[in-house]
Amino acid sequence: MSQRILLVEDEAGLALTLSDRLRSESYEVEVVHDGETAFLRASTQRFDLILLDWMLPRRSGIDVCRDLRQEKIDTPILMLTARGQTTDKVVGLKLGADDYLTKPFEMPELLARVEALLRRSNPREVGAPEIWQFGTICVDRQRTRVTRNGELVDLAPREYKLLCYFLDHADRTITREELLKEVWSYSFIPSTRTVDVHVGALRQKLEEDPKQPKLILTVQGQGYCLGSSSAR
């Protein structure tokens, strides 16, 4: 499976217990102990799920959740907290949390919620391949890993989601407006170069010559498409 989980928990004993159990279930787990570090990691690295404690030093978990959503980071967030009041749950969900688990909790329930969130957040077309190869670039969808010449490529969460959207729609040109709606979840289309900037970042990390791209091509006046020689 090797899906990546960011565990944010300042209680050392609980963090160790949770990380050990999640790793035993074949998840890759990174543990951080404060909100400031959590925000930095979650906003610059790709994770499939964030387990986020509410009460944290340096920045509260609810502030981390809110700030990530304001930055359009849509990684699923499962809040872990001793605050069991309904109003607290409502606040967390309204600010962007996907689920809420009150301490103390049973490990089987946590694992079930983790699995459910991961299933919901990784929809895939029926028959879509697990591994996509283009020259020296390999995208392993099951392990959510991208490599170039066998070396791991460190993509930001939005870059990875953008790349996967291109892979899932490799047979056609995709407009910037569609990408803003489907990848960024904009309900309206602002005047922005967001798509172009992220495509440029992907080219820098994936193309042999970013100035003469072969992977993600520009279709003048329309948008972008995958290169015609790409293989699935």
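Residues numbered from 1 in each chain as written. Predicted model: local features only at pLDDT ≥ 70, side-chain atom pairs only at ≥ 80, totals over all residues. Heavy atoms only, no water.

A.B. asks: Now, about the overall build of the chain: what can you tell me, with residues and values included?
C.D. replies: Along its length, the chain carries eight helices and twelve strands. Expressed as a percentage of its 232 residues, the buried residues of the chain come to 49%. If you take every contact in the chain between residues at least 6 apart in sequence, the share linking residues at least 24 apart comes to 57%. Just so you have it, the chain exposes about 11,700 Å², and 49% of that area is on carbon and sulfur atoms. (Helix = DSSP H or I, 4+ residues; strand = E, 2+ residues; numbered from the N terminus. Buried < 20%, exposed > 50% of the residue type's maximum accessible area, 1.4 Å probe, protein only. Contact = heavy atoms within 4.5 Å. Areas by Shrake-Rupley, 256 points an atom, 1.4 Å probe, with all protein chains shown as cover.)

A.B. asks: Report on unusual backbone geometry, specifying residues and quantitative values.
C.D. replies: Trans is the prevailing form of peptide bonds, just as negative phi is the prevailing case for residues other than glycine. In this chain, Lys103 is followed by Pro104 through a cis amide linkage whose omega measures -5 degrees. Its location among the elements puts Pro104 in the loop between strand E5 (99–102) and helix H5 (107–121). Of note in this structure, Arg58 is not a glycine but carries a positive phi near 75 degrees. Within the secondary structure, Arg58 sits in the loop between strand E3 (49–53) and helix H3 (61–70). Located in the positive-phi region is Lys72, a residue other than glycine, with phi close to 65 degrees. Mapped onto the elements of the fold, Lys72 is located in the loop between H3 and strand E4 (77–81). With relative accessibility at 32%, the residue Lys72 sits in the partly exposed group.

A.B. asks: Run through the pairing of E4, naming residues and quoting values.
C.D. replies: Of all five residues in E4, five are buried, a share of seventy percent or more. By the alternation rule, side chains of E4 split into Ile77, Met79 and Thr81 and Leu78 and Leu80, which are all buried. In this structure, E3 lies alongside E4, joined through four bridges in parallel fashion. The residue of E4 that forms the bridge with Asp53 is Leu80. The parallel pair E3 and E4, bridged by H3, forms a crossover whose chirality is right-handed. (Pairing = 2+ DSSP bridges. Right-handed = clockwise from strand over helix to strand, strands pointing away.)

A.B. asks: Tell me about the sheet that holds strand E11 (residues 216–219), and please be specific about residues and values.
C.D. replies: Across the sheet, which stays open at both edges, the three strands sit in the order E10-E12-E11 with antiparallel pairing between neighbours. The sheet terminates laterally at strand E10 (174–175) and E11, the two strands that pair on one side only. Summarising the sheet, E11 and strand E12 (residues 223–226) pair through four bridges and their orientation is antiparallel. If you follow Ile216 over to E12, its bridge partner there is Leu226. Contacts from helix H8 (residues 194–206) reach E11 and E12, with the element oriented near 145 degrees to E11. (Axes fitted to C-alpha atoms, helices over the stretch in contact; angles between N-to-C directions.)

A.B. asks: Which residues make up the sheet that holds strand E1 (residues 4–8), and what are the values?
C.D. replies: Read from one edge to the other, the open sheet built from five strands follows the order E2-E1-E3-E4-E5, with strand pairing classed as parallel. The strands lining the two open edges of the sheet, one partner per strand, are strand E2 (28–32) and E5. If you compare each strand with its neighbour and ignore which way they point, the axes differ by 20 degrees on average. Note: E4 against E5, four bridges, orientation parallel.

A.B. asks: Please provide a residue-by-residue account of the environment of Arg59, values included.
C.D. replies: Counting through the fold element by element, Arg59 comes out in the loop between E3 and H3. Note: C-alpha distance between Arg59 and Phe39 (20 residues apart in sequence) is 8.6 Å. Of note is the side chain of Arg59, whose polar atom sits 2.9 Å from the side chain of Glu36. (Polar contact = N/O pair within 3.5 Å; in protein donor to acceptor, adjacent residues only side chain to side chain.)

A.B. asks: Now, about the side chain of Arg4: what can you tell me, with residues and values included?
C.D. replies: The topology assignment puts Arg4 in strand E1. In contact with Arg4, other than residues within four places in its own chain, are Glu28, Glu30, Gln45, Arg46, Phe47, Asp48 and Leu49.

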